[in-house]
Each structure stands twice: as structure tokens, then as C-alpha cells.
Amino acid sequence: MAQTAKYPLDDVKALVEEYLAGNRRAAVFSAPPSSVKRVARVFVCDEGEAAKLIMRGILKLDDESFSRAFVQWEMVVDEYGLESFMGHNWYVKLAIVEEDGGRVLDEISFHPLDKPMKVADGRVLGVTWAADKPNK
Amino acid sequence: MAAKMRCGECGNRDLERRNMKGLMKTPWKDFPTVHLTKDLELWHCPKCGNTPYEGHDPERVDEAVEASIRDQASQFIDIIRSKADLSMEELARRIGISREYMSGIRSQKRTPSFTIWNVLKAIATDPKAMIERFDPDLDPAGSNLLLRA
């Protein structure tokens, strides 16, 4: 039986919309070298712009973009492959965490694919950005 | 102060607040590396060195990095002017930018491009020697150093 995402995309996108509307408490970026800093390198932009680009990318995710859910550090994370966003294919890993009675999007990874990735509908997304290296 | 998030690189929950001034070196726009010389407190993972961001941290990082660039460029100008005994106008003429732009950089109201910042830094390393290389009168056809090969 095919896996389904742990976190409904409607819930993920609602938090993204909150973030983009100005509520910066709606999201965290728990691994900036794997998200904000890598996007900033690809587009040669500042980190604030990179964060917004990431959020706009997440809004493009659909059920067919889903790849798998797995347990990482005692919590479930959802993996997606985002095809043809701003000219590239992207690896996305995220979770929704409970915090002070509210929910926060943990945007863990958002970076160009480092290797081909298979998604739910059987497509294999290829690597489009060979020059990017992890920015530690 | 206890972090509510875990480190996204190693999963550690025992994060600490750390002032990254003097510690953070980061690419920023077309700057290959900027050394942070302004106060900026971020979460830090003592286990792997990652700095997990809260939602507003990307913009806070941008503010601190940009302020660092402006501060450094302003200091370069002061060093050059004092050691090479140059007016603002002459320094601006030498490197091919307007006096107004130079003044804006000196007063930290303008953020220089990486090219300008890099030229100022290079001259500041040895102002008397380096500034001699920047004389448009000696090369009228290529009067803007920044366009010279």
C-alpha cells in the first residue's frame, strides 16, 4: 500500500500562508544550511527572500509530489520532490510540530535535488543544479 | 532560555542562545563570505554547530549582515583616507564612483556592492602603496578601475 503524508498539505499550506502574511511564528527553519542558505546561494539573494521563496515553493506541492514519510529523531517527517519550481527540481522535508498549544511548520530541508528522486505517481525527478554544495 | 525546536541537522533539543558576532561567516547575495561584526543572537546547537532559525531569523540575519558590510566598508574608507591622506572626493574619483555614493558608504547609509567593498578592502590593506594603482589620469581610456582588465 502506498504511503500517505503524515501532515495534510492543507495544514502545511495554511501555516505557509500565515508566514507569508507576516506571522513569522508560523514556521521555523531548523536546518538553515539545508534550506535558507542553499536557496540563497542558488538565487544569489538574501536570506529573507530565500525564506519567502521556500514558502512559495511549498505552496506548489501537491499529493503527487509526495515521496515518503519516515521517522527522524522521534518524529515523523514528510519528504516531497518539487518539480520545475523556479527552473529546478527540489528536495523538501518538513513536519508540523506542536508548540505552546499551537502548531508550527518546521521547514527542515528545501534544496536542489542532490540525486534523482521518485515521487508518489512514479515520476523520477532529475538533478538540475549540479553546482550547489551544502553551505555549512 | 529553553529552545522549543530541535536542531534540524542532528536532532539535538539542548540548544543554547549564542551571540554570533565574530563567529558567523556566511555568504550573502554576491558576497562570497561576510564576517559578522554586529551583535546577533541565534539558537546554536553545541552538538553539531548548526544555528536553527526561528521564523523571523532570516530577516534578522540579513539586517546584521548588511550592517556588518556597511560598518566594514566605512572603516576601510577611514583607514584609506587617514593613511593615504585623501579627501573623500579624491578617493571616490580614484575608484570611479561618485562622491555622493562614497559619502553614503562612509556614513553607512548605503550598502556597497561586493566589487566596491572588495576594492576598498584591497586598498585599505596598504593605502599608500595601493592607491597609486588607482589613478584614472594615468589611463584616460580606462578611467574606471572597476572596468579595467
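Below you will find a few notes about this structure. (Residues numbered from 1 in each chain as written. Chains lettered and ligands numbered in written order. Predicted model: local features only at pLDDT ≥ 70, side-chain atom pairs only at ≥ 80, totals over all residues. Heavy atoms only, no water.)

1. What to know about a negative patch on the surface
Piece 1. A surface patch of negative charge is lined by Asp-10, Asp-62, Asp-63 and Glu-64 of chain A.
Piece 2. Structurally, Asp-10 of chain A is set in helix α1 (residues 9-20). (Patch = residues over 30% accessible without salt bridge, like charges linked within 9 Å, V, L, I, M, F, W, Y side chains within 5 Å. Areas by Shrake-Rupley, 256 points an atom, 1.4 Å probe, with all protein chains shown as cover. Salt bridge = Lys/Arg side-chain N within 4 Å of Asp/Glu carboxyl O. Lys, Arg positive; Asp, Glu negative; His and termini not counted. Charge placed at Lys NZ, Arg CZ, Asp CG, Glu CD. Helix = DSSP H or I, 4+ residues; strand = E, 2+ residues; numbered from the N terminus.)

2. Some words on the side chain of Arg-6 of chain B
Piece 1. When you line up the elements, Arg-6 of chain B lands in the segment before β1 (16-19).
Piece 2. Buried charge Arg-6 of chain B goes without a salt bridge, the closest partner of opposite sign being Glu-74 of chain A at 4.2 Å.
Piece 3. At a separation of 3.2 Å, a polar atom in the side chain of Arg-6 of chain B contacts the main-chain carbonyl oxygen of Gly-11 of chain B.
Piece 4. The contacts of Arg-6 of chain B, once residues within four sequence positions are left out, are Ser-30, Trp-73, Glu-74 and Met-75 of chain A together with Gly-11, Asn-12, Arg-13 and Leu-15 of chain B. (Buried < 20%, exposed > 50% of the residue type's maximum accessible area, 1.4 Å probe, protein only. Polar contact = N/O pair within 3.5 Å; in protein donor to acceptor, adjacent residues only side chain to side chain. Contact = heavy atoms within 4.5 Å.)

3. Topic: the pairing of strand β2 (residues 25-28) of chain B
Piece 1. Going residue by residue along β2 of chain B, you find Thr-26 and Trp-28 of chain B tucked away on one face and Lys-25 and Pro-27 of chain B left uncovered on the opposite face.
Piece 2. Taking the residues between adjacent antiparallel strands as the criterion, β2 of chain B and strand β3 (residues 31-35) of chain B are bridged by 2 residues, where Lys-29 of chain B takes a positive phi near 50°. (Pairing = 2+ DSSP bridges.)

4. Focus: the pairing of strand β2 (residues 66-72) of chain A
Residue and element names in this part refer to chain A.
Piece 1. Bridge count for β2 against strand β3 (residues 75-85) is 6 bridges, and the pairing is antiparallel. Of the residues in β3, the one forming a bridge with Phe-66 is Tyr-80.
Piece 2. In textbook terms, the turn of a hairpin is the stretch between consecutive antiparallel strands, and for β2 and β3 this stretch comprises 2 residues, one of which, Trp-73, has a positive phi near 50°.

5. Thoughts on the nonpolar core
Piece 1. Among the nonpolar cores identified, the biggest contains 75 residues, and Val-12, Ile-58, Leu-105 and Phe-110 of chain A together with Ile-95, Met-102 and Leu-120 of chain B are the most heavily contacted of them.
Piece 2. Looking at which element gives the most residues to this core, the answer is helix α1 (residues 57-84) of chain B, with 9 residues.
Piece 3. Dropping the residues within four chain positions of it, Ile-58 of chain A is found in contact with Val-12, Lys-13, Val-16, Leu-94, Leu-105, Glu-107 and Phe-110 of chain A.
Piece 4. The next biggest cluster of nonpolar side chains, apart from the first, holds 8 residues, and it includes Val-28 of chain A together with Met-5, Leu-15 and Trp-43 of chain B. (Core = buried A, V, L, I, M, F, W, Y, C linked by side-chain atoms within 4.5 Å.)

6. Things to note about the sheet that holds β2 of chain A
Piece 1. Strands sit in the order β2(A)-β3(A)-β4(A)-β5(A)-β1(A)-β5(B) across an open sheet of 6 strands; the sheet is mixed. Of all the strands in the sheet, just β2 of chain A together with β5 (53-54) of chain B have a single pairing partner and so form its edges.
Piece 2. Pairing of strand β4 (residues 88-99) of chain A with strand β5 (residues 102-112) of chain A, which is carried by 10 bridges, proceeds in the antiparallel orientation. Bridged to Tyr-91 of chain A within β5 of chain A is His-111 of chain A.
Piece 3. Contacting β1 (27-29), β3, β4 and β5 of chain A together with β5 of chain B, helix α3 (residues 47-59) of chain A runs over the sheet at an angle of about 100° to β5 of chain A. (Axes fitted to C-alpha atoms, helices over the stretch in contact; angles between N-to-C directions.)

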